[in-house]
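Breakdown of the fold
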Amino acid sequence: MATAQIGKDLTPKTSRVGKKPVPTPNGVTVTVATAKINVKGPKGELNFNLDPSITIAQADGELNVTSSAPGRDGARLQGMTRATIANMVEGVTTGYAKTLELVGTGYRIEMKGASLNCVLGFSHHIDFPLPKGITADVPKDSKGTILTISGTDKALVGQTAATIRGFRPPEPYGGKGVRYKGEKIREKAGKAGK
């Protein structure tokens, strides 16, 4: 015997973010397959697997995202998919970048081929191979204390920056470590003098 879900509204809901159309600038081509979307632009190409309940309509240089999932899941999937597609369009047109600063005596980072060689106060150097699609730049005048990570995939750029920051997070007493540019570190007072 089937039991009805009492009190649950199963009509698809819409998301405030998901209802907004995604504009596609000139030079960006979007291909929508059955369960996949491909966005190609001057900076590169990105793919995203779509949920079966998501439908994408292209008209007048804009993409409209709708979801047929029941209840609030429809709004969640619609909003998340729309935000992801908007990030993909921006990534292939302008790209994303994160800047890290190294604070500490002797801390430095340099490029060695396709990997980063990090000197962060440990007894050993850390070699970090860059993921595919990510480029890193260490300005010559920074003496290895500033690193800019860039790429088309917003999530991958953020994750790469977070991984490098995780090698030596800023400590609260002296502020030494790897931090995002402009990041405020809450410093503790430490022990009082005698």
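For the structure itself, consult the block above.
These lines cover the structure that appears in this document, whether it is placed above or below.

What counts, and at which threshold
Residues numbered from 1 in each chain as written. Predicted model: local features only at pLDDT ≥ 70, side-chain atom pairs only at ≥ 80, totals over all residues. Heavy atoms only, no water. Buried < 20%, exposed > 50% of the residue type's maximum accessible area, 1.4 Å probe, protein only. Helix = DSSP H or I, 4+ residues; strand = E, 2+ residues; numbered from the N terminus. Pairing = 2+ DSSP bridges. Axes fitted to C-alpha atoms, helices over the stretch in contact; angles between N-to-C directions. Contact = heavy atoms within 4.5 Å. Expected span 1.5 Å × (residues − 1). Arc of directions from axis to C-beta. Polar contact = N/O pair within 3.5 Å; in protein donor to acceptor, adjacent residues only side chain to side chain. Phe/Tyr/Trp six-rings, centres within 6.5 Å; stacked < 30°, edge-to-face > 60°. Lys NZ or Arg CZ within 6 Å of the ring centre and 35° of its normal.

Further remarks concern the pairing of strand S11 (residues 134–137). Residues Ile-134 and Ala-136 point to one face of S11 and are all buried, whereas Thr-135 and Asp-137, pointing to the other face, are not buried. In this structure, S11 lies alongside strand S12 (residues 146–151), joined through 4 bridges in antiparallel fashion. Within S12, the position partnered with Thr-135 by the bridge is Ser-150.

Ordered by their spatial adjacency, 4 strands build an open sheet running S11-S12-S7-S13, and the pairing between neighbours is antiparallel. The sheet terminates laterally at S11 and strand S13 (177–180), the two strands that pair on one side only. Averaged over all adjacent pairs, the angle separating strand axes in this sheet is 25 degrees, with direction ignored. In this structure, strand S7 (residues 96–103) lies alongside S13, joined through 4 bridges in antiparallel fashion. Residue pairing for S13: Glu-101 is matched across the bridge by Arg-179. In the packing of helix H2 (residues 154–167) onto the sheet, the strands contacted are S7, S11, S12 and S13, and the crossing angle to S7 comes to about 5 degrees.

Our focus in this paragraph is the sheet that holds strand S9 (residues 115–119). The 3 strands lie next to each other as S8-S9-S10, forming an open sheet whose pairing is antiparallel. Sheet topology places strand S8 (108–112) and strand S10 (126–129) at the edges, where each strand pairs with a single neighbour. Averaged over all neighbouring strand pairs, the angle between strand axes comes to 25 degrees, with direction disregarded. Looking at chain direction, S9 and S10 are connected through 4 bridges and run antiparallel. Each residue of the ladder has a partner; that of Asn-117, found in S10, is Asp-127. Along the sheet face, H2 touches S8, S9 and S10 and points at about 175 degrees away from the line of S10.

The next point concerns H2. When the terminal C-alpha atoms of H2 are compared, their 21 Å separation across 14 residues agrees well with the 20 Å that a helix rising 1.5 Å per residue should span. For H2, every residue scored as buried is listed here: Val-157, Thr-160, Ala-161 and Ile-164. Buried residues of H2, viewed axially, fall in a sector of 95 degrees; they line one side. The backbone nitrogen of Ala-155 lies 3.2 Å from a side-chain oxygen of the residue at the head of H2, namely Asp-153.

Quick look at the packing of aromatic side chains now. Following the criterion strictly, the structure yields 1 aromatic pair and no others. With 5.7 Å between their ring centres and 70 degrees between their planes, Phe-128 and Phe-167 make a pair best called edge-to-face. Residue Phe-128 is located in strand S10, and its partner Phe-167 is located in helix H2; the two are separated by 39 residues in the primary sequence. The exposure class assigned to Phe-167 is partly exposed, which follows from its relative accessible area of 23%. Here Arg-168 stacks its cationic end above the ring of Phe-122, 4.2 Å away from the centre of that ring.

We now examine the side chain of Ser-53. The residue Ser-53 is located in the loop between strand S4 (44–49) and strand S5 (54–59) in this model. Assessed through its relative accessible area of 11%, Ser-53 is described here as buried. Of note is the side chain of Ser-53, whose polar atom sits 2.7 Å from the side chain of Asp-51. Excluding residues within four positions of it along the chain, Ser-53 makes contact with Thr-66, Ser-67, Ser-68, Ala-69 and Leu-77.

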